[in-house]
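# Structural description and commentary
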Amino acid sequence: FHIINDTDTITNKKIICFSPHPDDTSISAGASLSFLSENNTIISCCATTGHRAFIPDSTREDRISIRESEATNEAKHINALAHFLRLPLYDRGSICGEDDIKIMVEYILKQKPDIIFMPHTGDS
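The text that follows walks through the structure, step by step, so that each part is easy to find. (Residues numbered from 1 in each chain as written. Predicted model: local features only at pLDDT ≥ 70, side-chain atom pairs only at ≥ 80, totals over all residues. Heavy atoms only, no water.)

So, on to the pattern of salt bridges. Tallying each qualifying case throughout the model produces 5 salt bridges. The partner of glutamate 70 in a salt bridge is arginine 67, and the shortest N-O contact between them spans 2.9 Å. Of this pair, glutamate 70 and arginine 67 both sit in helix H2 (residues 60–77), 3 residues apart, which is roughly one turn of that helix. Between glutamate 68 and arginine 86 there is a salt bridge, with its nearest N and O atoms 2.9 Å apart. Placement of glutamate 68 in helix H2 and of arginine 86 in the loop between strand E3 (80–84) and helix H3 (98–111) is noted, with a sequence separation of 18 residues between them. You can call arginine 86 partly exposed: its relative accessible area is 43%. Members of the salt-bridge network, linked through shared partners, are Arg92, Asp99 and Asp100. (Salt bridge = Lys/Arg side-chain N within 4 Å of Asp/Glu carboxyl O. Helix = DSSP H or I, 4+ residues; strand = E, 2+ residues; numbered from the N terminus. Buried < 20%, exposed > 50% of the residue type's maximum accessible area, 1.4 Å probe, protein only.)

This is how it looks when you write it as structure tokens:
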């Protein structure tokens, strides 16, 4: 057990925080990621776009654009980049399929993160 209270403890790393929905990065790990962003590259990677959110008089694409814009602004507040996977599982009622796994694996292999923050397995 070690409390990290010096930004030089973890440096020059690529850190990805996987977020099931827009805004989950700041809710679950915002303070830690903001702290680590001083000497590292932080990416907030949103799995789904939240296009089923209730936003009156909007189309699916409008809702995706709104939610991705919100998540991009959120990422800026913690000095992070925003990436979006748009996993198909969201359209299947959060049931993970082989296509979701393939997208995740390809993303991780492409990004080559040093550290990954993951949500609880029950969060979808």
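Moving on, we get to the side chain of asparagine 40. Structurally, asparagine 40 is set in the loop between helix H1 (24–36) and strand E2 (41–46). At a separation of 2.8 Å, a polar atom in the side chain of asparagine 40 contacts the main-chain carbonyl oxygen of isoleucine 10. Within the structure, asparagine 40 has its side chain in polar contact with the backbone nitrogen of asparagine 12 (distance 3.1 Å). Setting aside its immediate chain neighbours within four residues, asparagine 40 contacts Ile10, Thr11, Asn12, Lys13 and Ile15. (Polar contact = N/O pair within 3.5 Å; in protein donor to acceptor, adjacent residues only side chain to side chain. Contact = heavy atoms within 4.5 Å.)

What follows covers a nonpolar patch on the surface. The grouping of Ile101, Val105 and Leu109 at the surface amounts to a nonpolar patch, some 270 Å² of accessible area in total. Position of valine 105 relative to the elements: it lies in helix H3. The partly exposed category is assigned to valine 105, whose relative accessible area is 41%. (Patch = residues over 30% accessible without salt bridge, like charges linked within 9 Å, V, L, I, M, F, W, Y side chains within 5 Å. Areas by Shrake-Rupley, 256 points an atom, 1.4 Å probe, with all protein chains shown as cover.)

Coordinates in, geometry out; function isn't part of it.
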